[in-house]
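Residue-level structural notes
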Amino acid sequence: MSEAIAEIPARENMVTAPTALGPERKGLTKKEIAADHPTWCPGCGDFSVLALYFKLIEKRKLWHENITTIAGIGCSSRFPYFVQAHGVHYIHGRALPFATGISLSRPDLHVFAFGGDGDAFSIGGNHFNHTARKNIRMTYVVMDNWVYGLTKKQTSPTSPLGFKSKTDQWGAIDYPINPMKQAIAAGATFVARTTSTNPNHVLAMMDAAMEHDGFSFIECLSECVEFYEGAFDAANPRKGGVFNEVPKDHDVSDELNAYKLAGADFPGYFGIFYKNNKPTKNAKEAEINKAAMEKVKGLKDWQILQKNFDRMK
Ligand SMILES: Cc1ncc(C[n+]2csc(CCOP(=O)(O)OP(=O)(O)O)c2C)c(N)n1
Ligand code: SF4
Ligand SMILES: [Mg+2]
């Protein structure tokens, strides 16, 4: 992990430290953050991602009311159940529009959305592209296991060619999408890749993503031991694979080079591929709201409403 990632300072407008009850309020312990016992299969990669989310919350000293965890449907999308805080296990593929609403209306929060490859790129593909292009401030972690786990082994948009599943008994014939290329092309302003078998790296990526003022996307390889065992062995040094970090001289502001990195054969690279600090929709919308509020300065809510009704006559 590079030092630059570990040393990133807290963003100004975000609640990262005790505020509501005064400085005597301590940060939460893992026990206080954890809710239900996760119902995943023993050995599922998602356990590690959840544990690291808890670590991030501990590190950032977030309290229950500062944590917002949104997800769609899938094994990975069960995340909000396991976090003792505000969260929504929403409609399949619709986590991002829901998270968008929270992000735009609560600038003091950093919204986290979690989900799977099917949730993000099949049914939710459209929302992914639009949330990225609008540069909504949030972090979206996709636990990519190359399969539909919850529904017991169907081909997903990231399943490699030849993968045998209930929907492709003779092997997948559709070309898989590349989540990193997809995110860069869609306009995501922070694009990173990690793997659940490297805990320090997952934590560093989530920490850096949380710091980013914009739409931050992390593809996190997370093995489905039940329906795609061994899928990511080639990226795991403990299984004879290799974990190659993004080259040190890679310029994260270079979109074309990021795209090239994303095209490397599996297991590819891990780290931050792309980062761009263009204004968020949050900031732009806040400006519009501010200007509108100036115009009705001194008026009560009912008077503003009345003015609007009068105008519509
Ligand atoms: C509208 C709708 N269509 C289909 C489903 C069935 N369904 C539930 S989860 C899922 C795919 C899950 O795959 P993924 O997002 O990769 O998550 P994983 O279980 O692998 O973590 C599907 C097709 C549903 N719940 N709702
Ligand atoms: S089916 Fe796969 S993705 Fe779902 S909990 Fe089990 S191992 Fe994890
Ligand atoms: Mg999946």
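None of the values given here were measured: they were computed from a predicted structure.

What counts, and where the lines are drawn
- Residues numbered from 1 in each chain as written.
- Chains lettered and ligands numbered in written order.
- Predicted model: local features only at pLDDT ≥ 70, side-chain atom pairs only at ≥ 80, totals over all residues.
- Heavy atoms only, no water.
- Helix = DSSP H or I, 4+ residues; strand = E, 2+ residues; numbered from the N terminus.
- Near = heavy atom within 4 Å.
- Polar contact = N/O pair within 3.5 Å; in protein donor to acceptor, adjacent residues only side chain to side chain.
- Nonpolar A, V, L, I, M, F, W, Y, C, P; charged D, E, K, R; others polar.
- Buried < 20%, exposed > 50% of the residue type's maximum accessible area, 1.4 Å probe, protein only.
- Pairing = 2+ DSSP bridges.
- Right-handed = clockwise from strand over helix to strand, strands pointing away.
- 1 Å grid on protein atoms, 1.4 Å probe; cavity = no way out; pocket = protein on both sides within 12 Å on 5 of 7 lines; lining within 4 Å.
- Points joined across faces, edges and corners; volume = space filled by probe spheres on them.
- Contact = heavy atoms within 4.5 Å.
- pLDDT = per-residue confidence, 0-100.
- Core = buried A, V, L, I, M, F, W, Y, C linked by side-chain atoms within 4.5 Å.
- Salt bridge = Lys/Arg side-chain N within 4 Å of Asp/Glu carboxyl O.

1. Observations concerning unusual backbone geometry
Put simply, phenylalanine 266 and proline 267 share a cis peptide bond, and its omega is 10°. Positive phi, close to 55°, is recorded for asparagine 135, a residue that is not glycine. Along the chain, asparagine 135 falls in the loop between α6 (125-134) and β4 (138-144). Unlike most non-glycine residues, lysine 153 shows phi in positive territory, near 80°. Within the secondary structure, lysine 153 is located in the loop between β5 (147-148) and β6 (154-155).

2. Comments concerning the site of ligand 1
Neighbouring ligand 1 are 16 residues; Cys75, Ser76, Gly118, Asp119 and Gly149 lie closest to it. With respect to ligand 1, the backbone of glycine 118 contributes an N or O atom lying 2.9 Å from an oxygen atom. Interatomic distance of 2.9 Å between a backbone N/O atom of leucine 150 and an oxygen atom of ligand 1. Elements supplying a minimum of two residues to the shell around ligand 1: α5 (117-121) and β5. Counting residues per element, the shell around ligand 1 draws most heavily on α5, which supplies three residues. Looking at side-chain class alone, the shell around ligand 1 contains six nonpolar, eight polar and two charged residues.

3. Examining the pairing of strand β7 (residues 190-195)
With respect to burial, β7 is a largely interior element, six of its six residues being buried. Burial along β7 is two-sided: Phe190, Ala192 and Thr194 facing one way and Val191, Arg193 and Thr195 facing the other are all buried. Here β7 runs beside strand β8 (residues 215-221); their pairing, made up of six bridges, is parallel. From the neighbouring strand, valine 191 faces β8, where its bridge partner is phenylalanine 217. This β-α-β element, β7 to helix α8 (residues 199-211) to β8, shows right-handed connectivity. With four bridges joining them, β7 and strand β10 (residues 269-275) adopt antiparallel strand pairing. Each bridged residue has a counterpart across the sheet, and for alanine 192 the counterpart in β10 is isoleucine 272.

4. Examining the layout of surface pockets
Considered as a void within the structure, the largest pocket measures approximately 390 Å³ in volume. Around the largest pocket, the lining is made up of 22 residues, and of these Trp146, Ile177, Asn178, Pro179 and Phe266 lie nearest the centre. Listing elements by their share of the lining of the largest pocket, those giving two or more residues are α7 (179-186), β8, α9 (255-262) and β10. Among the residues forming the lining of the largest pocket, the class breakdown is 14 nonpolar, four polar and four charged.

5. So, the environment of tyrosine 274
By secondary structure assignment, the location of tyrosine 274 is in strand β10. A relative accessible area of 6% means that tyrosine 274 is categorised as buried. Linking tyrosine 274 and glutamate 255, residues 19 residues apart in sequence, is a C-alpha distance of 6.4 Å. Among residues more than four places away in sequence, those in contact with tyrosine 274 are Ile184, Ala188, Thr189, Phe190, Val191, Val252, Ser253, Asp254, Glu255 and Ala258.

6. Considering the confidence of the model for the chain
Residue-level pLDDT values for the chain average 93, and 92% of them are 70 or greater. For residues 1-10, every residue scores under 50 in pLDDT, and the model assigns this stretch 13 contacts once sequence neighbours within four places are set aside. Within the model, the stretch residues 15-21 combines pLDDT values under 50 with 17 contacts to residues more than four positions away or in other chains.

7. So, the site of ligand 2
Residues in close proximity to ligand 2 include Trp40, Cys41, Cys44, Cys75, Asn145, Gly149, Cys224, Val225, Glu226 and Phe227, which together make up its full environment. Split into classes, the residues belonging to the shell around ligand 2 amount to seven nonpolar, two polar and one charged.

8. Re the nonpolar core
In this structure, Tyr53, Phe79, Val83, Phe114, Met206 and Ile218 are the most contacted members of the largest nonpolar core, which totals 34 residues. Looking at this core element by element, the count peaks at eight residues for α8. The next biggest cluster of nonpolar side chains, apart from the first, holds 30 residues, and it includes Ala113, Ala186, Phe217 and Phe273.

9. Digging into the pattern of salt bridges
According to the stated counting rule, one finds nine salt bridges in the structure shown. Across the pair glutamate 219 and arginine 193 runs a salt bridge whose closest N-O atoms are separated by 3.1 Å. With glutamate 219 in strand β8 and arginine 193 in strand β7, this pair connects stretches of sequence that are 26 residues apart. Taken individually, glutamate 219 and arginine 193 each receive the classification buried, so the pair is uniform in this respect. Among the salt bridges present, the one from lysine 239 reaches aspartate 233, with a minimum N-O distance of 3.7 Å. Residue aspartate 233 is classed as partly exposed on the basis of its relative accessible area of 25%.

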